[in-house]
Amino acid sequence: MVSEQHMAVLPMSRPIIQVSSIRKTYGSTVAVADVSLEVSEGEIFGLIGPNGAGKTTTMECVEGVRRPDSGNISVLGLDPFRDIYKLQNRIGVQLQQAQLQKRIKVWEAVDLWASLYSHPVDGDQLLEQLGLANKRDAWFMTLSGGQKQRLFIALALINDPEVVFLDELTTGLDPQSRRAIWELVRGIRDRGKTVFMTTHLMEEAERLCDRVAIIEHGKIIDIGSPAELVGRHCPKRTVVLATRDAFAEERLRTIPLAETVTSRDSRFTIQGRGDDFVTEVIQCLSENRIRVTDFRTELPNLEDVFLKLTGHSIRD
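**Q** Which residues make up the overall build of the chain, and what values go with them?
**A** The helix and strand tally for the chain stands at 11 helices and 13 strands. Expressed along its principal axes, the backbone C-alpha trace of the chain runs to roughly 75 × 45 × 40 Å. Accessible surface for the chain amounts to roughly 16200 Å². Of this, 47% is attributable to carbon and sulfur atoms. Counting 39 positive and 44 negative side-chain charges, the chain places the averaged centre of each group 3 Å from the other.

**Q** For the sheet that holds strand E12 (residues 267-273), give the residues involved together with the corresponding values.
**A** Within a sheet, adjacent strands bond to each other through the backbone by hydrogen bonds, running parallel or antiparallel. In spatial order, the strands read E11-E12-E10-E13; together these 4 strands make up an open sheet with antiparallel pairing. Each end of this open sheet is capped by a strand with a single partner; those strands are strand E11 (258-264) and strand E13 (294-298). In this sheet, adjacent strand axes meet at a mean angle of 15° when their direction is disregarded. Across 6 bridges, the pairing between E11 and E12 is antiparallel. Paired with alanine 258 across the two strands is glycine 272, which belongs to E12. Contacting strand E10 (236-242), E11, E12 and E13, helix H10 (residues 277-287) runs over the sheet at an angle of about 25° to E10.

**Q** A description of the pattern of salt bridges should follow, citing residues and the corresponding values.
**A** Opposite charge on two side chains allows them to pair when their charged atoms are near. Summed over the entire model, instances satisfying the criterion amount to 22 salt bridges. Here arginine 136 ties to aspartate 137 by a salt bridge, and the two come within 3.8 Å at their closest N and O atoms. Where glutamate 259 meets lysine 236, a salt bridge forms, and the shortest distance between an N and an O atom there is 3.9 Å. Placement of the pair is glutamate 259 in strand E11 and lysine 236 in strand E10, with a sequence separation of 23 residues. Through salt bridges with shared partners, one network takes in Asp124, Arg136 and Asp137.

**Q** I'd like to hear about the nonpolar core, residue by residue, with values.
**A** Of all hydrophobic cores here, the largest spans 47 residues; its most connected members are Leu100, Leu151, Ile153 and Val185. With 7 residues, helix H5 (residues 145-157) is the largest single contributor of residues to this core.

**Q** Now, about the packing of helix H8 (residues 226-233) against helix H11 (residues 302-310): what can you tell me, with residues and values included?
**A** Between H8 and H11, the shortest axis-to-axis distance is 9 Å and the interhelical angle comes to 50°. Put simply, H8 runs oblique to H11. Considering how the two elements wind past one another, H8 and H11 form a crossing that is left-handed. In this structure, H8 contributes Pro226, Leu229, Val230 and His233 to the contact, and H11 contributes Leu302, Val305, Lys308 and Leu309. Considered class by class, the residues forming the contact of H8 with H11 number 6 nonpolar, 1 polar and 1 charged.

**Q** Quick one: what's the story with helix H1 (residues 55-63), residue by residue and with numbers?
**A** H1 sits mainly inside the fold: 8 of its 9 residues count as buried. Turning to H1, its buried residues number three or more, namely Lys55, Thr57, Thr58, Met59, Glu60, Cys61, Val62 and Glu63. Looking at the residues trailing H1, positive phi occurs at glycine 64, about 90°.

Rules used throughout
Residues numbered from 1 in each chain as written. Predicted model: local features only at pLDDT ≥ 70, side-chain atom pairs only at ≥ 80, totals over all residues. Heavy atoms only, no water. Helix = DSSP H or I, 4+ residues; strand = E, 2+ residues; numbered from the N terminus. Areas by Shrake-Rupley, 256 points an atom, 1.4 Å probe, with all protein chains shown as cover. Lys, Arg positive; Asp, Glu negative; His and termini not counted. Charge placed at Lys NZ, Arg CZ, Asp CG, Glu CD. Pairing = 2+ DSSP bridges. Axes fitted to C-alpha atoms, helices over the stretch in contact; angles between N-to-C directions. Contact = heavy atoms within 4.5 Å. Salt bridge = Lys/Arg side-chain N within 4 Å of Asp/Glu carboxyl O. Core = buried A, V, L, I, M, F, W, Y, C linked by side-chain atoms within 4.5 Å. Buried < 20%, exposed > 50% of the residue type's maximum accessible area, 1.4 Å probe, protein only. Parallel < 35°, antiparallel > 145°, perpendicular 65-115°, else oblique. Left-handed = near helix turned anticlockwise from the far one by under 90°. Nonpolar A, V, L, I, M, F, W, Y, C, P; charged D, E, K, R; others polar.

This is the structure in C-alpha cells:
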C-alpha cells in the first residue's frame, strides 16, 4: 500500500493524471493488480519496472486504449473512455511497438497525422526542432532506430498536446541516440508539457524523471523522486580507498558516521550513512595526512532500490 506521502504531488502543481485502484486481467492472467498514482502538471513521471510488470497495460488504460476491469482514471479532468474524443485532441501518444508503412515518406507521415487534428502545429517546424528536416523526403524504412523514434515523437507532438505518453522510448537504441532522445524529452517538459513515460532502464529514469513509480507484478511498490527513493531504501554510502599508511585503519574507525571499515591488502572499504559521511572521510584523511593512491565513492541508485524492494535485479 502506497502511503499518502508517496502519493503527494509536486509543490504548487495540480494533478493532471489521477489513477485510483485500477485492475486489468486477461483470463487468469493479472496484468495490473492494483495501481494508484498521480502525475503532476509539468513533470516527467516514469513508470519503471521489468518487462511484464504491467507498465504498458497501465499506460494503455490511462490513454484510453484499454478499459480496466475496475478502478478510476482521470486525465486532464476527463474520463479516457467516456470523453475519449475530447481527450484525443489534448494528448499525444507514442506506442512501444509503433511501425509505419515501409515506403511512407517522413513528410507524408507528418501530414497524415496532422490531418487527424483540427489545430495541428507546423509539421516542417516540428521536424526541424527534432533534427529530422534533412530526412523530410526519406522513406520510413531507410531511417535509423533513433530517427524512427524522433519521428514517432513528432507524430505524438503534432497536435500540440498537453500530456505526452512515451512507452519504452529508447529500448534498443545505442547510447548516443538514447541521450539525444533524452534531450528531446526534456525539451518537451521545458515547453510546459506533462510527460508520462514507461521504461525498464534505470539510468533513463534517473536522468529524466522528476518522480517515478516502481511497479512489480502489477502493483505499485513505491513512488517518489529518484533521490527520495534512494534515500529511503538505500541510505548507505560507500568509500573505497587505497593507502599504505600503517595507521589508516585505526584513524578511519574514528569517523563518527562510519558503520563498517574493512580492509584487504592496502585497500579499505568504509560504509556509512548521511549526507556528511563522505565529507567526514575526506576530513579524516586530511587531518591525519593519510596519503591515498586511489579514492572513489559508490553511491546507490535506482537499480539498488529495485533490488532492495523486490529481491532481484530489474534485468533478471
